[in-house]
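# Summary of structural features
Here are the chains, one letter per residue:
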Amino acid sequence: MSFQHLLSAVPPPAHVDVADDASWHRAQRHLDLQLPADLKEFGTAYGTGMFASASIHIEVFNPFAANYVAKVREHAAVLAGNKADSGPHFPYEVYPDRPGLLPWGSDDNGNELCWLTAGEADEWPIVTRSEDDEFEEFPGPFSAFLAQAFQGVVAVDIWPDFFRQGVWFEPGTEPAEEDPSNIYELYEANGSRAGFWVRDMRDQAGVLMQVKSIDGTEAGKISGIPNEYGSPAD
């Protein structure tokens, strides 16, 4: 089943913010994995917003949104916390472990929609997780899974009879571009070079200071820094 089936099941909005390849490649680089092709098709066709019915709203994370990577990590952290609390009752590993659960959406009942990152990205199965840590697994791709669920072709426990009155897409507002949050992200934003200026110094508020090097490096890849340019690896 192709992405066209989702387009046929739920028409996309008339206007979508421009999707650019740079954002797509940046998301994959920061997550350190290749994402399924139909996620790119989704972001291009639908953009930011919600699939809505009379009973529920479902968000698919827009890979072109400025907060995409942060949102994926936030939901993965929730899953990891649930796994830590549930122990053997939580049968999957969680991103960044592979194979593991990688969130691609959620609904307003607290249910999570994930890929299980086993094998090639376009072949990842779908895993739904209820707020009570009950799981179901479905064949991918995610767009086919949604189209079949919306049309009643497959029954999904977390969405009992929710789509009988139809499904539509409600466009949302994409957040403003996020500013770099730490010195490693500033380094990357400067073309992987030092020599930039920073103002947010806790002990010297309002004073500009130039960063001439990071860990002794003035340009190029910084050894030991993870792909997301967070804190140095232990």
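Located above this text is the structure these notes cover.
Below is a summary of the structure that appears in this document. (Residues numbered from 1 in each chain as written. Predicted model: local features only at pLDDT ≥ 70, side-chain atom pairs only at ≥ 80, totals over all residues. Heavy atoms only, no water.)

In this section: the overall build of the protein. Looking only at helices and strands, the protein features 6 helices and 9 strands. Counting over 234 residues, the protein shows a buried share of 44%. Look at the contacts in the protein between residues 6 or more apart in sequence, and 54% of them connect residues 24 or more apart. When the accessible surface of the protein is totalled, it reaches about 12,500 Å², and 48% of it is carbon and sulfur. (Helix = DSSP H or I, 4+ residues; strand = E, 2+ residues; numbered from the N terminus. Buried < 20%, exposed > 50% of the residue type's maximum accessible area, 1.4 Å probe, protein only. Contact = heavy atoms within 4.5 Å. Areas by Shrake-Rupley, 256 points an atom, 1.4 Å probe, with all protein chains shown as cover.)

All right, on to unusual backbone geometry then. Between Tyr95 and Pro96 the backbone carries a cis peptide bond, its omega angle lying at 15°. Mapped onto the fold, Pro96 is located in the loop between α4 (68-86) and β3 (101-107). In this structure, Pro141 follows Gly140 across a cis peptide bond, with omega equal to -5°. Along the polypeptide, Pro141 turns up in the loop between β6 (135-138) and α5 (142-150). Phi at Asp32 takes a positive value of approximately 60°, unusual for a residue other than glycine. A relative accessible area of 53% places Asp32 in the exposed class.

Take the nonpolar core next. Counting 52 residues, the largest nonpolar core has Phe51, Leu146 and Trp159 as the members making the most contacts within it. Ranked by residue count, the leading element in this core is α5, at 6 residues. (Core = buried A, V, L, I, M, F, W, Y, C linked by side-chain atoms within 4.5 Å.)

Moving on, we get to the environment of Pro36. Note that Pro36 resides in the loop between α2 (21-31) and α3 (37-45). On a C-alpha basis, the gap between Pro36 and Pro141 in space is 7.9 Å, while along the polypeptide they are 105 residues apart. Not counting residues within four places of it along the chain, the set of residues in contact with Pro36 comprises Trp24, Trp115, Ala121, Asp122 and Trp124.

Glancing now at α2. Along α2, the residues classified as buried are Ser23, Trp24, Ala27, Gln28, His30 and Leu31. Down the axis of α2, the buried side of the element spans an arc of 170°, and every buried residue falls inside it. Backbone geometry just after α2 places Asp32 at a positive phi near 60°. (Arc of directions from axis to C-beta.)

We now examine a negative patch on the surface. Taken together, the side chains of Glu131, Asp132, Glu134 and Asp157 make up a negatively charged region of the molecular surface. Among the secondary structure elements, Asp132 is positioned in the loop between β5 (126-129) and β6. (Patch = residues over 30% accessible without salt bridge, like charges linked within 9 Å, V, L, I, M, F, W, Y side chains within 5 Å. Salt bridge = Lys/Arg side-chain N within 4 Å of Asp/Glu carboxyl O. Lys, Arg positive; Asp, Glu negative; His and termini not counted. Charge placed at Lys NZ, Arg CZ, Asp CG, Glu CD.)

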